[in-house]
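Residue-level structure breakdown
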Amino acid sequence: MTPTIIHLVDDASPGGVMRMLEHMRSAPGLRREASHRLHVMRRGRLGAPRLEADVIVSHLAVTWANLPMFTALRALNPTVPLIHVEHSYTEAFVAAKMVPRRRFGTLMRVAFSVFDRIVAVSDPQAVWLERRGFVPASRLSVINPSVDLDPFLALAPRHLSRPRAFGLIGRLDEQKGFDIAIRGFRAGAAADSSLLVFGEGAERARLEALAEGDPRIRFLGWAEKPAAAVGACDAVLMPSRWEAFGLVALEAQAAGRLLLTSAVDGMAEHARGGAMVIGANTAEAWAEAIGRLGSENHAERILRGRFRAKTAAHQFAHAWEALVAALLLPAAYDRAA
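In this report, we go over the structure that sits alongside the text.

So, how was this worked out
- Residues numbered from 1 in each chain as written.
- Predicted model: local features only at pLDDT ≥ 70, side-chain atom pairs only at ≥ 80, totals over all residues.
- Heavy atoms only, no water.
- Helix = DSSP H or I, 4+ residues; strand = E, 2+ residues; numbered from the N terminus.
- Rg over C-alpha atoms; globule rule 2.2 N^0.38 Å.
- Contact = heavy atoms within 4.5 Å.
- Areas by Shrake-Rupley, 256 points an atom, 1.4 Å probe, with all protein chains shown as cover.
- Lys, Arg positive; Asp, Glu negative; His and termini not counted.
- Charge placed at Lys NZ, Arg CZ, Asp CG, Glu CD.
- Buried < 20%, exposed > 50% of the residue type's maximum accessible area, 1.4 Å probe, protein only.
- Polar contact = N/O pair within 3.5 Å; in protein donor to acceptor, adjacent residues only side chain to side chain.
- Axes fitted to C-alpha atoms, helices over the stretch in contact; angles between N-to-C directions.
- Parallel < 35°, antiparallel > 145°, perpendicular 65-115°, else oblique.
- Left-handed = near helix turned anticlockwise from the far one by under 90°.
- Nonpolar A, V, L, I, M, F, W, Y, C, P; charged D, E, K, R; others polar.
- Phe/Tyr/Trp six-rings, centres within 6.5 Å; stacked < 30°, edge-to-face > 60°.

Helix and strand counts for the chain come out as 13 helices and 12 strands. Its C-alpha atoms give the chain a radius of gyration of 21 Å, within 12% of the compact-globule value 20 Å for 337 residues. Along the longest, intermediate and shortest principal axes, the C-alpha atoms of the chain span 70 × 45 × 35 Å. In the chain, of all internal contacts separated by at least 6 residues, the share reaching a separation of at least 24 is 72%. For the chain, the computed accessible surface area is about 14,900 Å², with 54% contributed by carbon and sulfur atoms. Positive and negative side-chain charges of the chain, numbering 41 and 34 respectively, have mean locations separated by a distance of 2 Å.

Have a look at this one:
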């Protein structure tokens, strides 16, 4: 019998989490193994529903306001395996934003104790969660997220010795570090280069001010078709200040585009697929990296990235199948006994 898996979200706006869930619900391989359904929760509600599910997966924000709801979820679904996917918190985020560290640690340990398994979305995030004592290794799994990469794999790769069209793709938010890349581009890019900024957000006015009318920099708004945005670029820049994984990186590699990232959190993981990792996430370091791109051949990096992306969807599906099976088989044995 196909198990029913209900995914809980408290933010259904378009973004990486929703695109990943849509992929889980529609990908043929995942759909054959389980029925994935979505349930939207109101953030900060005190109660929780009793759900007709074989497995419940939380993609909810871990906050003090949500803690009573986590507890109610466990109480009302006592025999259902509970999984929490940690999409948000990372070492760099906590270093930049979280001042009361002891209180935050208490929140994480109490919230995570409700769940049978915690899923980190990258190895660096998992190492940090375990090192800080938020969750023991026995209840921790790592599953890199994935989305439908077929539109990106359909694009012809760009094997250019000197990229000319650079792209920034995502929310215009402090987290993404687009201000760092804009300053670096202005200082290090050639006169015939362009910087295409795809996205909307609270930082747009500040970023436009940083561009100071540079005709090489264009703000193109939200990209309805992400593959078209990536396809317009020769190279994609990701100077994130914190990032648990970064789906744009996987999409850029699937499209056969050169990828440059910061070294924080899960971003460093993309070096496995040939990403150029900028160690010092400063405008000066990005200017230097952009300025010397023409001095080497990037074909090997691009090929590695595309190969990694081609295997990502299979690895994602296999990892989720294995995790669900590991949680359900003991329950099945118990029922039989």
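So much for the structure itself; the text now carries on.
In this section: the side chain of Glu 243. Tracing the backbone shows Glu 243 in the loop between β10 (235-238) and α11 (247-254). A relative accessible area of 8% means that Glu 243 is categorised as buried. Engagement of the side chain of Glu 243 in a polar contact is seen with the side chain of Ser 240, the distance being 2.8 Å. Once you skip the residues sitting within four places of it in the chain, Glu 243 turns out to touch Thr 90, Gln 175, Lys 176, Val 264, Asp 265, Gly 266 and Met 267.

Moving on, we come to the packing of helix α8 (residues 178-188) against helix α12 (residues 283-291). Running from N to C, α8 and α12 cross one another at 50 degrees; their axes reach a closest spacing of 7 Å. One way to sum up the angle between α8 and α12 is to call them oblique. Considering only the axes of α8 and α12, their crossing is right-handed. Where α8 abuts α12, its residues Ile 180, Arg 183, Gly 184, Phe 185, Ala 187 and Gly 188 lie against Ala 283, Trp 286, Ala 287, Ile 290 and Gly 291. Each residue belonging to the contact of α8 with α12 can be placed in one class, and the counts come to 7 nonpolar, 3 polar and 1 charged.

Now for the packing of aromatic side chains. Within the structure shown, the criterion is met by 7 aromatic pairs. Relative to Phe 185, the ring of Phe 166 lies with its centre 6.0 Å away and its plane at 70 degrees, an arrangement referred to as edge-to-face. Note that Phe 166 is positioned in strand β7 (residues 165-169) and Phe 185 in helix α8, a separation of 19 residues in sequence. Under the relative-accessibility criterion, Phe 185 is labelled buried at 0%. Through pairs of rings, three or more aromatic residues link up here, namely Tyr 89, Phe 93, Phe 104, Trp 128, Phe 134 and Trp 242.

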